Amino acid sequence: MNSSDLARLFRPTFFLPALKSKDKEKIIEELVQPLIDSGLVKSKRLVIDTLGKRETLGSTGIGKGVAIPHCRTMAVSDVHVVAGITQAGIDFNAVDGKKVNLLFLIVAPPHDSSNLYLPILGKIVEIVRDTKMRKALTQAETFETFIQIIRGE
Amino acid sequence: MRSQMELLVLYQDIDLMLLEAEEEEKQMGFGTEGREKLQKARNDIAKSIEVRFLRTYQRLHTRYKRPISPVQNDVCLGCFAKLPTSYGERGRNDQGMFTCEQCGRILYWIE
């Protein structure tokens, strides 16, 4: 997957530049909410539960202020990505113990026929490992700026 | 109250999560130290699922990686067979367990 392919998956309504929640569970719910509002989720509880179970496996707080909560769930019929930023930072039990400012939520159906889930996850991990891009994404205030950074422009 | 189908779907979602854990760890560096804890959580969910649901799932799991198949537009997305319209609202609202007449998978309406 290249950066342009990834950029095409984002939508303006799925970009939350000022997350308000103060804890891990609530911020995951806040990230899921745009999908609920768009009618893309059959069961909110199922998505939240499955994301929670994924955190049981190991925190998706990968360090350096980034978390990528993700799961496959039958509650959705397509792959969706939601991005969010919290300048205050929240405790996400990240691997380095640091607060998280930049979050990407990825949900995909188990029958993801285009098999996008793991490539999306891999591409986002690759992008946020780049210090310059990570910092720029954390400071993005508009969807347009955010997408330009994802595209590497 | 949570439907039996929703619990069974969560059970399958965890099964798949455990299957993909190694790939996530090796290729992307995600921690998967909670594997045993997650297996325990899955077993706890199993205790709330009716035995006949779980037995059907486990029997199908020997044939299919994903024993539960999504249904969209009255089509089983496991084998693409058109489903009887008689399944109707009951299937859509997770009232009971329906299986595909062609492939045998448990059906879950995703719309």
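Before reading on, note that the structure itself is shown above.
Residues numbered from 1 in each chain as written. Chains lettered and ligands numbered in written order. Predicted model: local features only at pLDDT ≥ 70, side-chain atom pairs only at ≥ 80, totals over all residues.

Caption draft 1: Expanded view of the sheet that holds strand 3 (residues 106-109) of chain B. Residue and element names in this part refer to chain B. Across the sheet, which stays open at both edges, the three strands sit in the order 2-1-3 with mixed pairing between neighbours. Either end of the sheet is taken by a strand with one partner, and the two such strands are strand 2 (75-76) and strand 3. Note that strand 1 (residues 68-72) and strand 2 share two bridges and pair antiparallel. Counted as the bridge partner of valine 71 is cysteine 76 from strand 2. (Pairing = 2+ DSSP bridges. Helix = DSSP H or I, 4+ residues; strand = E, 2+ residues; numbered from the N terminus.)

Caption draft 2: Up close: the nonpolar core. With 65 residues, the main nonpolar core has Leu105(A), Ile106(A) and Tyr108(B) as its most contacted residues. Residues within four places of Ile106(A) in sequence aside, it is in contact with Ile68(A), His70(A), Val81(A), Tyr117(A), Ile120(A) and Leu121(A). (Core = buried A, V, L, I, M, F, W, Y, C linked by C-beta atoms within 7 Å. Buried ≥ 20, exposed ≤ 12 C-beta atoms within 10 Å, placed from the backbone. Contact = placed C-beta atoms within 7 Å.)

Caption draft 3: Geometry of helix 1 (residues 4-28) of chain B. Residues and elements named next belong to chain B. Taking 1.5 Å per residue, 25 residues should reach 36 Å; helix 1 reaches 34 Å between its end C-alpha atoms and fits that length. At glutamate 20, helix 1 is bent by approximately 40°, the largest bend along its length. Turning to helix 1, its buried residues number three or more, namely Met5, Leu7, Leu8, Val9, Leu10, Tyr11, Gln12, Asp13, Ile14, Met17 and Glu24. A positive phi of about 80° marks glycine 29, the residue just after helix 1. (Expected span 1.5 Å × (residues − 1). Bend = angle between axes of the 7 residues up to and from the residue.)

Caption draft 4: Structural view of the environment of Leu107(B). Residues and elements named next belong to chain B. One can find leucine 107 in strand 3. A tally of 21 C-beta atoms within 10 Å means that leucine 107 is categorised as buried. Discounting residues that sit within four places of it in the chain, leucine 107 has contacts with Ser69, Val71, Cys76, Gly91, Phe98, Thr99 and Cys100.

Caption draft 5: Representation of the environment of Gln139(A) within the structure. Residue and element names in this part refer to chain A. With respect to the helices, strands and loops of the structure, glutamine 139 is situated in helix 5 (residues 131-139). Given 15 C-beta atoms within 10 Å, glutamine 139 falls into the partly exposed group. Residues glutamine 139 and asparagine 101, spaced 38 residues apart in sequence, show a C-alpha to C-alpha distance of 9.5 Å.

Caption draft 6: Geometry of the environment of Lys98(A). Residue and element names in this part refer to chain A. With respect to the helices and strands, lysine 98 occurs in the loop between strand 5 (80-90) and strand 6 (100-108). Expressed as a C-alpha distance, the spacing of lysine 98 and glycine 61, which sit 37 residues apart in the sequence, is 9.0 Å. Not counting residues within four places of it along the chain, the set of residues in contact with lysine 98 comprises Gly63 and Gly65.

Caption draft 7: View of the interface of chain B and chain A. Taken residue by residue, the interface counts 27 residues in chain B and 26 residues in chain A. When residues of the side of chain B that touches chain A are traced back to their parent elements, those giving at least two are helix 1, helix 2 (35-47) and strand 1 of chain B. A per-element tally of the side of chain B that touches chain A places helix 1 of chain B first, with 11 residues.

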